[in-house]
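# Secondary and tertiary structure notes
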Amino acid sequence: MRIGIVGGGIAGLSCALSLHAAGFRPWVSESARAIEAVGVGINLLPHAVRELAELGLADGLAAIGLAPRRLRYYDRAGAPVWDEPVGTAAGYRWPQYSVHRGRLHALLLAAVRERLGPDAVRTGRRLRYFEAVPGGVRAHFLDRSSGATVVAEAEVLIGADGIDSAVRARLHPDEGAARRHGVLMWRGIAPHPRLLDGRSLVVAGGTPGAKFVAYPIAPGNGPGEVLLNWVLEVPDEPPADRPVTPTDVRPVTAAEARARLREWRLPWIDLPALVGDTAAVFAYAMVDRDPLPFWSAGRVTLLGDAAHPMLPMGMNGGSQSVVDARVLAWCLAREADPVAALRQYDELRRPALNALVLANRALGPEEIIARAAEHGGPLPADRAAALSRRYKELSRGTVADVNDRPSWTVPR
């Protein structure tokens, strides 16, 4: 079966590897002229790490990421609200990894090119439109180097082209722009002394637009040093003199970052030093999209952020994209009719992911911090644990979900 993937990001490359493992040889078209190792930190939860490990990438992940041991919630003053073990410390058979997004992207790209050939990913091709043809789909791309139109056919077309997906726009032409939530995320990476125990993810303040997040993504150059990924959420106040799109990214000056961080008093981190050691800070709009009534139509489907872009509470977006890829490959390998396979994939994934998108709008597991603020201090342990467990159940990420369910690997 000929399968085409639109989008060469983490979702698209995970999909290509999953399809290859299931016996297919997909092609990938990416709009960017080159795939570069850029970005900031990302967390891969155990349900995603299991899938990548079953694709043969366990050693590669261990080489580029750090496995956190605890998730720690604090209030705006830096007082503890809740903490819990994560990854293998919580009983999962697979670790959780904090990793530089660019290094993860490079790992996946190298694996795709090694397994599917150096030309498996074609860059500089922007999807213009696609159309149904007998027995398949015909996709029309703009070659960004020559300006020519490139046509490619497939029996199945997969849109893994992100929050501003051209495939999604074709399936849902009346949807409009992504939804802003009045928050900008100022993001940076800096060498910094080990934070707390050196293997913790820290979230302080539970209100969107007034939150600080930090976690290590790699060892540092000196003793006791790590490369720390950090995020400061601030209110989104777009300039009135220019249009602002949901995926705008703009640089933030060190003076701006220092001024905002003066509002914070966190005793366990040196915020002025953190800003001073950060080479560049960028502002990203916090956006998502409303859940869809369908991902699949005929021989076309959506995957990852093209299907379910979500707010970052719970660290689930990238991880769920990896699971999407594995489930989709499993469905296509087990069902002779590709239309029926895409329908099954939609039924298996879409309802749960739609619910997760809405749960993240309601703060996801970080509801624990908001409820503690209302309570006047940390919640009773059983109540906080129940909120945490409810979110894991919704995302199908409990220890039992991950450790005990059958593999999505297709026997060859």
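Our structure is the block above this text.
In this convention, every chain numbers its residues from 1, walking through the sequence in written order. Since the coordinates come from a predicted model, pLDDT governs what is reported: local features require at least 70, and pairs of side-chain atoms require 80 or more to be given and counted, while whole-chain, interface and lining totals use all residues. Note that the side-chain values use all heavy atoms of the structure and ignore hydrogens as well as water.

One can find A307 in the loop between strand 19 (300–302) and helix 8 (317–334). You can call A307 buried: its relative accessible area is 2%. Taking C-alpha positions, A307 is 20 Å from L363, a pair spaced 56 residues apart along the chain. Only heavy atoms enter the contact rule, under which two residues are in contact if any of them lie within 4.5 Å. Excluding residues that lie within four positions of it along the chain, A307 makes contacts with R168, L292, W295 and L302. Helix and strand definitions follow DSSP, with helices as H or I runs of at least four residues and strands as E runs of at least two, each counted in order from the N terminus. Each residue is placed in one exposure class: buried if its accessible area under a 1.4 Å probe, protein chains only, is under 20% of its type's maximum, exposed if it is over 50%, and partly exposed if it falls in between.

Moving on to the packing of helix 1 (residues 10–21) against helix 8. Close contact between helix 1 and helix 8 brings their axes to 8 Å; oriented N to C, the two are set at 35 degrees. Read as a crossing pair, helix 1 and helix 8 show a hand that is right-handed. Taking contact as the criterion, the partners of A11, S14, C15, S18 and L19 in helix 1 are, on helix 8, S321, V322, A325, R326, L328, A329 and L332. Residue polarity is assigned by list, with Asp, Glu, Lys and Arg as charged and Ala, Val, Leu, Ile, Met, Phe, Trp, Tyr, Cys and Pro as nonpolar; anything else, Gly included, falls into the polar class. Residues that form the contact of helix 1 with helix 8 fall into these classes: eight nonpolar, three polar and one charged. Axes here mean lines fitted to C-alpha atoms, for a helix over just the part in contact, with angles spanning 0 to 180 degrees between N-to-C directions. Each crossing gets its handedness from the near helix: less than a right angle anticlockwise from the far helix is left-handed, clockwise is right-handed.

To continue, consider the nonpolar core. Here the nonpolar core consists of buried residues drawn from Ala, Val, Leu, Ile, Met, Phe, Trp, Tyr and Cys, with membership extended through side-chain atoms lying within 4.5 Å. Among the nonpolar cores identified, the biggest contains 79 residues, and L19, L104, F130, I158, L303 and L332 are the most heavily contacted of them. With nine residues, the single largest contributor to this core is helix 8. In this structure, L104 is in contact with I10, I42, L44, L61, I64 and V99, ignoring residues within four places of it in sequence. Grouped together as the second largest cluster of nonpolar side chains are 30 residues, W230, W268, V275 and V281 included.

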